Amino acid sequence: MKNGLWTLLAQPYSGEDFFLPDLCSSVAVFTLVVLAELLVLTWVLAVPSAGGFDWLSLAMASLFVQWIVLLSAALLCRLRGWMQRRALWTAIAVCFVVVIGLTLTFTVLADWVLEQGMLGQPRLEAEQMLRHGLIALIMTGLLLRYFYLQQQWQRQHDAELKARLQSLQSRIQPHFLFNSLNSIVSLIGSDPAKAESAVLDLSDLFRANLSEVGGVATWAEERHLCEGYLRIEHYRLGERLRVEWQGELPAATPMPLLTLQPLLENAILHGLQPSLEGGDIRIVAAMNQGMVELLVSNSCPPQETSHQGSRMALDNVRARMNVLFGPQARLEAWRDRERFFSRLVYPVKQTSSILQRSH
């Protein structure tokens, strides 16, 4: 235990999950200011006053504490990159030194300005400096502990998120795999050239499915994969499969891997394949006010049918999009007479760094 703790403290703590957050961000600064003001308010309320609430003490204490908080945040923000390359114990010690050092400095300056009127040499009141130093020590320790627990919670959340995405993606894998293999087997004897082309398309699908879990691709890459998948299905269905692409998105538009492909597979398996005449699939892509919209519609048999596989495919895509993009992402599905519609909407934004695909 002792050796493990020392090993942890002796190693640099580099990476995006450094225990000390970016204190230059507006959210971090606002949080620190609010916490500091709450501390000052509690401090003033704890001191009894015969004349009611002491607004002057609140103002002076707020000025004192906020200067320390803001300057500490600014210095630690500037030193964050340097601390990431040093041992963990060094980074922790620097945090304490910066906060306590500024607290003692402002304690001396406040006494010199308010009590001495900036006359003579600043005095070093040992008792006052010890009291303020201990308060700074305790508050810094509590904040560092909070930052550490917050970072550990984020790590656990990211691990659970990654595991959940792995589970969802593994459910999608068998659908296109088995049907693609059946299509290739049927082509080997009749048309080896098409079988070879289908194998290449299937290898692209394998590569995408075996990439880092939760990987975020682009619209251009996702469309390339879908066109390969549709070619494989076209070899099997022939003229029974008709596809029409409408609209276009910027090639670099972020899109989770294998998002559109399950919708197309769902359209083929439960819409076109049961019909002897086949049918058509229409894919409409658009972007409106920072939201990507994909509408997939397909013809389907006249009779109303319910397929567990259809619901599973849609539920898996919906769950993956909710994990990656939050409640703004939604997948709607409905039937209108002899056509089935799937509409996917999600915001154009970058996901968490652990979900970015490594290139």
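Residues numbered from 1 in each chain as written. Predicted model: local features only at pLDDT ≥ 70, side-chain atom pairs only at ≥ 80, totals over all residues. Heavy atoms only, no water.

Visitor: Would you mind going over the sheet that holds strand E4 (residues 279–288) in detail, with residue names and values included?
Guide: Spatial ordering of the open sheet is given by E2-E4-E5-E7-E6, a layout of five strands whose pairing is mixed. Sheet topology places strand E2 (241–247) and strand E6 (330–336) at the edges, where each strand pairs with a single neighbour. If you compare each strand with its neighbour and ignore which way they point, the axes differ by 15° on average. Packed on one face of the sheet, helix H7 (residues 219–237) meets E2, E4 and strand E5 (291–299) and runs near 160° to E2. Contacts between helix H8 (residues 260–272) and the sheet are confined to E2, E4, E5, E6 and strand E7 (339–347), with E5 contributing the most and set at about 15° to the helix. (Pairing = 2+ DSSP bridges. Helix = DSSP H or I, 4+ residues; strand = E, 2+ residues; numbered from the N terminus. Axes fitted to C-alpha atoms, helices over the stretch in contact; angles between N-to-C directions. Contact = heavy atoms within 4.5 Å.)

Visitor: Just give me the short version of unusual backbone geometry, but keep the residues and values in it.
Guide: One non-glycine residue, Gln289, adopts positive backbone phi at about 50°. For Gln289, the location among the structural elements is in the loop between E4 and E5. Here Arg337, not a glycine, exhibits a phi torsion of approximately 60°, which is positive. Secondary-structure assignment places Arg337 in the loop between E6 and E7.

Visitor: Tell me about the nonpolar core, and name the residues and values.
Guide: Residues Leu260, Leu264, Ile281, Leu294 and Tyr346 are the most contacted members of the largest nonpolar core, which totals 31 residues. Among the elements of the structure, H7, H8, E4, E5, helix H9 (308–325) and E7 are those that each provide at least two residues to this core. Ranked by the residues each element gives to this core, the list is headed by H8, at six residues. Those residues in contact with Ile281 that sit more than four places away from it in its chain are Leu241, Arg242, Val243, Glu244, Leu264, Ala267, Ile268, Leu272, Val296, Ser297 and Asn298. (Core = buried A, V, L, I, M, F, W, Y, C linked by side-chain atoms within 4.5 Å. Buried < 20%, exposed > 50% of the residue type's maximum accessible area, 1.4 Å probe, protein only.)

Visitor: Describe the state of the cysteines, naming the residues involved and giving the relevant values.
Guide: With the rule as written, the count across this model stands at one disulfide. Between Cys24 and Cys77 runs a disulfide, and the two sulfur atoms are separated by 1.5 Å. Note on the Cys24 and Cys77 pair: the S-S dihedral is about -115°, so by sign convention the disulfide is left-handed. With a gap of 53 residues between them, Cys24 in the loop between helix H1 (2–10) and helix H2 (26–46) and Cys77 in helix H3 (residues 55–84) connect regions that are remote in the sequence. (Disulfide = S-S within 2.5 Å.)

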